[in-house]
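Per-entry structural report
The primary structure of each chain is shown beneath.
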Amino acid sequence: MEEINVLIEQRYKKLEDLRKAGIDPYSNSFIPEVKAIDIKNTYSQYSQEMLENELIPLKVAGRIIALRDFGKAVFSHLQDSTAKIQLYFKKDILQDKFQLLKKLDIGDIIGVSGRLFKTKTNELTIEVTDYHILCKSLRPLPEKWHGLRDVEIRYRQRYVDLIVNPQVKEIFAKRSAIIKAIRDFLEQNGFIEVETPMMHQIPGGASARPFSTHHNALDIDLYLRIAPELYLKRLLVGGYERVFELNKNFRNEGISTRHNPEFTMLEFYIAYRDYEFLMNFTEELFSYVANKVLGTLKIPFGDHLIDLTPPWKRIRLLDALQVEGLSKEDISNIDAITSWAKSKSIDIPKGITLAKAIDEVFKELIEPTLIQPTFVIDYPVELSPLAKKKAEDPNFVERFELFIASREIANAFSELNDPIDQKERFLKQMEAKKQGDEEAHWMDEDFIRALEYGMPPAAGEGIGIDRLVMLLTNSQSIRDVILFPQLKPEQ
RNA sequence: GGGCCGUUAGCUCAGCUGGUAGAGCAGCUGACUCUUAAUCAGCGGGUCGGAGGUUCGAAUCCUCCACGGCUCACCA
């Protein structure tokens, strides 16, 4: 901890003074009866005369965020979880307790009893008849006007950020509302929420590097899950027809404005439907959430205005690649696409497969242009080891990715339920792993066994919740929508 | 991991080509019973991210390190 500075010392002194005066500076003796926002909503239309006549008694609690001393009167603002409200302390009302106000600081948490009135400037204010110190704050808060700007402190000490930056609190309130709306929508559509393991013996369901850990009693290595997919599909085998899980995934990859090592993912699965259904369903889901939370389908994001009004554009991956100078022949030949990419100064790694090269070009060239919601559909089978092949072309699968504002927001497909095909795909992945592909899928024998019992045809989708929250709160960094983003340790 | 930028008082920031550290807010003391970025008078507060180096002299120039931001690469 850093050395004690003067400001903190002064507060310690006040703390001692309070104790000497027989006051518990951390007492839990006061129960507020009303929230600031309710006071404002109920009484802001009242005239001074009406308030005078009714003498409405109130008990509120919160943090002192402003103090203005006038000698025999003190004005203050109190902030609770809902809003702030002005307090008026008068010497002739509080008598002895008025002196004790000297021991209060900005940041302290107090409970006050009083009655409502309106000031000359018409601000609804509580005239305090009694107050209780509920928590003495020992550290000074950031400045009232500029707030806290230092992003490092904002992330490391989110509690301070939340105290002084009301917009931050709003973002996380929205996050909560978004997640609630998603749950409501899915439940209205007959889904049940389930919890599957976060600790996997075989990390499956995605292409990513896992975090590993160890269980002592069993003496086995375990991995934090990179996706819940394979467990959710086991539930389809078990007979659930509509399930979802909305919780954390963990991927041992880089950290950026779009990546946090632990992040929140929604995955849902619906039996007897395919990815075509999911595209419509996704449009409905997003519309429902945006309307619930924002009351509109037109949302500002950075320099763009995103329009979520269905239907959204749908384009086949290969058609999306029909750009200048890139012919159909080029995208069916690894050498042709590599040399074409080179001419656009896109680096295609040597020894890469055609499918991965296509993916590379797409990410480089097309993804940045996908601002308005766009479903990119029909991916090469090689990139999608868990998706069902298209009946008319076994080189491709029934899969879409949803892009909004150049970001991949969702990934979905018609689920592969043929155990023999699935086994072959896993074997291919194992081969890739042997070749050094660290993110290739692992073989999961039990999952194959489950498929052998029979999984109904189904469609499944994953939606990156943090990215969705970014979109709906116009946040440019994932750290702004995660309360405690991962950072290096402080020195 | 690479590149660029940043780190000065509790907070927000100045500090130019090197000359020994400043403001506003917050704090302390005092005045003030309708203020609200209250006002007025006075005062205190700094290992200038860390360690080296250059120099008579370093917040300032150089090197290394730490942390953070943006960005590229990998990924959702």
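Analysis parameters
Residues numbered from 1 in each chain as written. Chains lettered and ligands numbered in written order. Predicted model: local features only at pLDDT ≥ 70, side-chain atom pairs only at ≥ 80, totals over all residues. Heavy atoms only, no water. Helix = DSSP H or I, 4+ residues; strand = E, 2+ residues; numbered from the N terminus. Buried < 20%, exposed > 50% of the residue type's maximum accessible area, 1.4 Å probe, protein only. Near = heavy atom within 4 Å. Polar contact = N/O pair within 3.5 Å; in protein donor to acceptor, adjacent residues only side chain to side chain. Lys, Arg positive; Asp, Glu negative; His and termini not counted. Salt bridge = Lys/Arg side-chain N within 4 Å of Asp/Glu carboxyl O. Contact = heavy atoms within 4.5 Å. Pairing = 2+ DSSP bridges. Axes fitted to C-alpha atoms, helices over the stretch in contact; angles between N-to-C directions.

Moving on: the environment of Pro142. With respect to the secondary-structure elements, Pro142 resides in the loop between strand E5 (124-135) and helix H6 (151-156). When its relative accessible area of 24% is taken as the criterion, Pro142 is described as partly exposed. When the C-alpha atoms of Pro142 and Ile163 are compared, they prove to be 9.5 Å apart, with 21 residues separating the residues in sequence.

Taken together, 59 residues sit near RNA strand B, with Gln10, Thr121, Lys144, His259 and Arg467 positioned nearest. Within 4 Å of the protein, the atoms of RNA strand B are drawn from sugar and phosphate moieties in a proportion of 58%. Backbone polar atom of Lys120 to a base oxygen of RNA strand B: 2.6 Å apart, as the coordinates give it. In the model, a phosphate oxygen of RNA strand B is placed 2.7 Å from a nitrogen or oxygen of the Lys488 main chain. A total of five residues in the surface near RNA strand B trace back to one element, the largest contributor, which is H6.

Turning our eyes to something else, we now look at the side chain of Lys118. Looking at where Lys118 falls in the secondary structure, it is placed in strand E4 (residues 109-118). Nearest to the buried, unbridged Lys118 among oppositely charged side chains is Glu49, at 9.1 Å. Of note is the side chain of Lys118, whose polar atom sits 2.6 Å from the backbone oxygen of Ser44. Among all residues touching Lys118, those that are not within four sequence positions of it are Tyr43, Ser44, Gln45, Tyr46, Gln48, Leu51, Glu123 and Leu124.

Another point: the environment of Ala217. Of note, Ala217 is situated in the loop between strand E8 (212-215) and strand E9 (220-224). Here Ala217 falls in the exposed class, since its relative accessible area comes to 72%. Sequence spacing of Ala217 and Glu439 is 222 residues, and the spatial spacing of their C-alpha atoms is 29 Å.

Read once around its circumference, the closed barrel built from five strands follows the order E1-E2-E3-E5-E4, with strand pairing classed as mixed. Pairwise comparison of adjacent strand axes, ignoring direction, gives a mean angle of 55 degrees for this sheet. Helix-sheet contacts for helix H2 (residues 36-43) involve strand E1 (57-69), strand E3 (84-90), E4 and E5, and the interaxial angle to E3 is about 90 degrees.

Let us look at the side chain of Arg407. One can find Arg407 in strand E18 (residues 407-414). In this structure Arg407 is buried but unpaired, with Glu367 as the nearest side chain of opposite charge at 8.6 Å. Separated by 2.9 Å, the side chain of Arg407 and the backbone oxygen of Ala405 make a polar contact.

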